[in-house]
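# Fold and geometry: a report
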Amino acid sequence: MTTPFPHRDLLSIRDLSPADVIQILDASEAFFEVSRRPVRKVPTLRGKTVINLFYEASTRTRTSFEIAGKRLSADMVNMSVATSSVKKGETLYDTCKTLEAMHPDVVVMRHSASGAPAYVASKLRCGVINAGDGMHAHPTQALLDAFTIRKKLGRLEGLKVAICGDIAHSRVARSNCVLLRKFGCEVNVVGPRTLVSDDFAEAFDVNVFHELRPALEGADVVMCLRIQQERLGEALLPSDREYARTFGVGPAQLAYAKETAIVMHPGPMNRGVEIDPLVADGPQSVVLYQVEAGVAVRMALLYLLASDEAHASARESATR
Amino acid sequence: MAGGLGYGEGVQVLLDESAVGLRWKEVAAEIDDVVERPAVVAIRRGGVALASELVRILGDVDHGSVDIALYRDDAATALPDPKIGPSVIPFDVVGRDIVLVDDVLQTGRSVRAAIDALLDYGRPRRIWLAALVDRGGRELPIAADFVGFVRTVDPKKRLRVESREADAQLHIQVMSR
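Quick look at the structure, then. (Residues numbered from 1 in each chain as written. Chains lettered and ligands numbered in written order. Predicted model: local features only at pLDDT ≥ 70, side-chain atom pairs only at ≥ 80, totals over all residues.)

### A word on the overall build of chain A
Stated formally: Secondary structure counts use DSSP, requiring at least four H or I residues in a row for a helix and at least two E residues in a row for a strand, with both numbered from the N terminus. All radius of gyration figures rest on C-alpha atoms, and the globule criterion is 2.2 Å times the number of residues raised to 0.38. Once C-beta atoms are placed from the backbone, any two residues with those atoms within 7 Å are in contact.
Each helix and strand counted, chain A has 13 helices and 9 strands in total. The C-alpha radius of gyration of chain A comes to 19 Å, within 12% of the 20 Å expected for a compact globule of 320 residues. In terms of its C-alpha atoms, chain A occupies a principal-axis envelope of roughly 55 × 50 × 40 Å. The contacts of chain A with a sequence gap of at least 6 include a subset with a gap of at least 24, amounting to 74%.

Here is the structure:
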C-alpha cells in the first residue's frame, strides 16, 4: 500500500522528505488537468473551510490560494490585516483562538515575522500552510517552481540552477535552495555583495557568486528574483540602472546558460531591472507557466492537508 | 506483492487468463452490437488495461480515462489518495455514447463518482457501464450494461485484477484472497 501524506502542516521545505515532495508534485499533475477543463471545479473539499490569513501585502499568492480552494469547492474566506482586528491591537494568540472557534480546516498564512505560521500551527488544531513568512520560507513557491522545472525539463535531479538577484531578503531563494539541494541540484546564487552574503554558501550548501557569468555558465535553470525595493534602503543598491547593468539578465547573459535553459521569476517582475523584457517575454521564459503551476500545487496541498483522516494520521505519526 | 508466479498463502486464481481473454472479446462484441459509435473511458486505475483491450478490439474509437479520487463521496473525510492522477478525455463528450470501463463492480460508489467526473466534461447522450466482474454488494442503485462475469464473493475477500503485456497481447486474470 502507498503511505498517506505524513504531515498536518506545510511550514518549511525542510520538514519534507524527497518522497513527500514527489508525492505533492505527482498529485499536482491531477489538479493541473482540472484547471484546463471546461468546468474548472471538482467537489472534493465541499463543506471544508479554508481561511486565507494575510498579514502582508500579496495579490498573486492570495489569489492563487483562493482560486485553488474554490476549484476544490472549499469555502474560502479572506482575512487581510488592513480590515482586521490586528489593526485594533489583537495579539496573534487571540487571533488564533478566534479563528479556532470558527472551525476552519486549513489556515493559509502570510506574515512579515519569520516563524509566525509555525507559532499559529502550534496553537491551532487545523492544518496551517505557510504562504511566506519574513525572510524565512515560502514553501509553496519552491514546490510550484519544482513542478515547473520537472514539467519543462523532465526531471528535478542533478540540474544546475542559478538564482539571481536579492538573495539576502528572499524567502523564495531560501526555500528553493533547500528543495533543490534535496534533489542533488547544483545551486549557484548570485548578486551584489550587499544582497548575497558569503555565509549563504555554508548555510544552504550552495555556491555564492558576485558576478553573473560564472554563475550562469551551463545552467539548466535561470531564476531571477525581484529587487525588493520595500525591504531595502538606498544603502544597499546605488541605483536600478546600475543594478540592471551588472546583474540584470538579458539575452547576452542568458546565452551563458544552456540553450535549453528555462527562465523563471516568482513575480512580480521589475522589467528592465533584474530581468530584461526580451528575456521575460522570450521563448525560454516559463513565468506564466509558474503561475498556472501555482494553482495546481496549492490545490494538491489543500487536498492533502484538509481531510480529517489526514490530520488524525499525521498526529499519530507525530506522536510516534 | 505477488506477481506472475508464487502467490502468497490464501491467494486463488478466480478467473484465469484464457477465460478472461475469451469473455472480454465477447463483451466487446456485445458493445459493438448495441452501442453506436462508442467512446471508451476507463475508470482509473483498475479499468485501464481492460479499456485498452476493448479499444484494441473495437478498433478506431475515441478513448480516455477518468480519475475518481476527487469525486469520491468520502473525498473530504477519508485519507487523501496519494496516487491521484489526471483524467484524460481527449475528445468532446457532448452527445456521445460513452462506455465506462471498470474491473470489479461492487458498491457502485466508484461508478457514481466516475459518472460525475465525466459530466464535468459535457453532456453525453448516454453513459454505459462495462465491468469485468460483478461481485455483488451494491450500496447504490447502479447496474452494469455489459458484464464479463457475475460472481458472488465473500465481502471480506479482496479481488485483484492483474494484467501483464506479453506477445503483444494483454493477459488479465482475477485473483481473490
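### Examining the pairing of strand β3 (residues 63-66) of chain B
Remark: a regular strand shows side chains that alternate across the two faces of the sheet. Spelled out, the test is: Pairing between two strands is assigned when DSSP locates at least 2 bridges connecting them.
Here strand β2 (residues 38-43) of chain B runs beside β3 of chain B; their pairing, made up of 4 bridges, is parallel. Counted as the bridge partner of Val-40 of chain B is His-63 of chain B from β3 of chain B.

### Quick look at the packing of helix α1 (residues 18-34) of chain A against helix α12 (residues 287-306) of chain A
The geometry of a pair of packed helices is captured by two quantities: the angle between their axes and the separation between those axes. All names here are of chain A. Using the following cut-off: Geometry is summarised by axes, namely lines fitted to C-alpha atoms with helices restricted to the contacting stretch, and by angles between N-to-C directions that run from 0 to 180 degrees. The labels follow the angle: roughly parallel below 35 degrees, roughly antiparallel above 145, roughly perpendicular from 65 to 115, and oblique for the rest. Helix crossings fall into two classes, left-handed where the near helix is turned counterclockwise from the far one by less than a right angle and right-handed where it is turned clockwise. Only Asp, Glu, Lys and Arg are considered charged in this grouping, and only Ala, Val, Leu, Ile, Met, Phe, Trp, Tyr, Cys and Pro are considered nonpolar; every other residue, Gly among them, is considered polar.
Two numbers describe how α1 lies on α12: the axes approach to 8 Å, and their chain directions differ by 115°. When the axes of α1 and α12 are compared, the pair comes out roughly perpendicular. With respect to the hand of their crossing, α1 and α12 are arranged in right-handed fashion. Residues Ile-24, Ala-27, Ser-28, Phe-31 and Phe-32 of α1 touch α12, and the partners they reach there are Ala-293, Ala-296, Val-297, Met-299, Ala-300, Leu-301, Tyr-303 and Leu-304. Taken together, the residues of the contact of α1 with α12 break down into 12 nonpolar, 1 polar and no charged.

### Comments concerning the nonpolar core
Let me state the cut-off plainly: The term nonpolar core refers to a group of buried residues, namely Ala, Val, Leu, Ile, Met, Phe, Trp, Tyr and Cys, whose C-beta atoms join them within 7 Å. With C-beta atoms placed from the backbone, a residue is buried if 20 or more other C-beta atoms are within 10 Å of its own, exposed if 12 or fewer are, and partly exposed between those counts.
With 149 residues, the main nonpolar core has Val-107, Ala-162, Cys-164, Val-221, Val-222 and Leu-302 of chain A together with Val-101 of chain B as its most contacted residues. For this core, the element with the most residues is α12 of chain A, which contributes 12 residues. With residues up to four places along the chain from it excluded, the contact list for Ala-162 of chain A reads Asn-188, Val-190, Ala-215, Leu-216, Ala-219, Val-221, Val-222 and Met-223 of chain A.

### Some remarks on the interface of chain B and chain A
Accessible area lost upon the coming together of the parts is a frequently used measure of interface size. Taken together, the contact between chain B and chain A spans 18 residues of the former and 27 residues of the latter. Partitioning the side of chain B that touches chain A into residue classes produces 11 nonpolar, 4 polar and 3 charged.

### Details of the environment of Asp-62 of chain B
Residues and elements named next belong to chain B. Its place among the elements puts Asp-62 in the loop between α2 (48-58) and β3. The sequence separation of Asp-62 and Asp-92 amounts to 30 residues, and the corresponding C-alpha distance is 9.4 Å. Residues in contact with Asp-62, not counting those within four places in the same chain, are Ala-39 and Phe-91.

### Comments concerning the sheet that holds strand β9 (residues 262-264) of chain A
Paired through their backbone hydrogen bonds, the strands of a sheet run either parallel or antiparallel. Residue and element names in this part refer to chain A. An order of β7-β6-β5-β8-β9 is seen for the 5 strands of this open sheet, with the pairing classed as parallel. With partners counted over all chains shown, the strands left at the sheet margins are β7 (207-209) and β9, one partner each. Within the sheet, the average angular offset between the axes of one strand and its neighbour, ignoring direction, is 20°. Contacting β5 (160-164), β6 (186-190) and β8 (221-224), helix α6 (residues 171-182) crosses the sheet at an angle of about 160° to β6.

### Considering the pairing of strand β4 (residues 127-133) of chain A
Residues and elements named next belong to chain A. With 7 of 7 residues buried, β4 lies mostly within the body of the structure. Summarising the sheet, strand β3 (residues 106-111) and β4 pair through 5 bridges and their orientation is parallel. Paired with Val-106 across the two strands is Gly-127, which belongs to β4.

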